[in-house]
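As a plain string of letters, each chain reads:
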Amino acid sequence: QHFHPLARLNTMSIAASKLQQRRQDQDRVLRETQCFINEDHNTHIIHDWERRTQQRIEQREVDTITQKLLQQEEEELHQRKQELQSLYNDEMSQWKTTLQSSLEVTQEERMERIRTR
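Residues numbered from 1 in each chain as written. Predicted model: local features only at pLDDT ≥ 70, side-chain atom pairs only at ≥ 80, totals over all residues. Heavy atoms only, no water.

A tally of helices and strands in the protein yields 2 helices and 0 strands. For the protein, the C-alpha radius of gyration of 50 Å lies well beyond 13 Å, the compact-globule estimate for 117 residues. Principal axes of the C-alpha set define a box for the protein whose edges measure 170 × 15 × 10 Å. Each of the 117 residues in the protein was classed as buried or not, and the buried ones make up 1%. Per element, the accessible surface of the protein, about 11,700 Å² overall, is 55% carbon and sulfur. (Helix = DSSP H or I, 4+ residues; strand = E, 2+ residues; numbered from the N terminus. Rg over C-alpha atoms; globule rule 2.2 N^0.38 Å. Buried < 20%, exposed > 50% of the residue type's maximum accessible area, 1.4 Å probe, protein only. Areas by Shrake-Rupley, 256 points an atom, 1.4 Å probe, with all protein chains shown as cover.)

A cluster of nonpolar residues, Trp95, Leu99 and Leu103, forms a patch on the protein surface that exposes about 330 Å² of accessible area. Among the secondary structure elements, Leu103 is positioned in helix H1 (residues 5-103). (Patch = residues over 30% accessible without salt bridge, like charges linked within 9 Å, V, L, I, M, F, W, Y side chains within 5 Å. Salt bridge = Lys/Arg side-chain N within 4 Å of Asp/Glu carboxyl O.)

Tallying each qualifying case throughout the model produces 4 salt bridges. A salt bridge links Glu32 to Arg28; the nearest nitrogen and oxygen atoms lie 3.3 Å apart. Taken together, the residues Glu32 and Arg28, both in helix H1 and 4 residues apart, mark about one turn of the helix. Given a relative accessible area of 37%, Arg28 falls into the partly exposed group. Of the charged contacts in the structure, one is a salt bridge between Arg51 and Asp48, with a shortest N-O distance of 2.3 Å. Of this pair, Arg51 and Asp48 both sit in helix H1, 3 residues apart, which is roughly one turn of that helix. Relative accessible area serves as the criterion here: at 28%, Asp48 is assigned to the partly exposed category. Each of Asp48, Arg51 and Arg52 takes part in salt bridges that share partners, so that together they form one network.

As structure tokens, this is what we get:
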């Protein structure tokens, strides 16, 4: 059997066209796959950034609350120290007054001592 050269050329042309179409389809699938991979990668990057940002926000909130509580405790401690110092000063003043009054000799007591000598 002998094929006409144009028929043979036509058969080759069809095969070449199918091969070209298959390559175009493969290229399209490759581009779509690469696009999906890039979008997935970007989604992971965004998700990771959002997660880390949320962690920072939560840590700042914890730090702020902790700092407020520490400041409040410092103020309460300072207040208690002042109250204790005031109490100590009052008691010391009373003790000195009591001691001073016990050491003071009244005029009558002096006169009595002079008479007894």
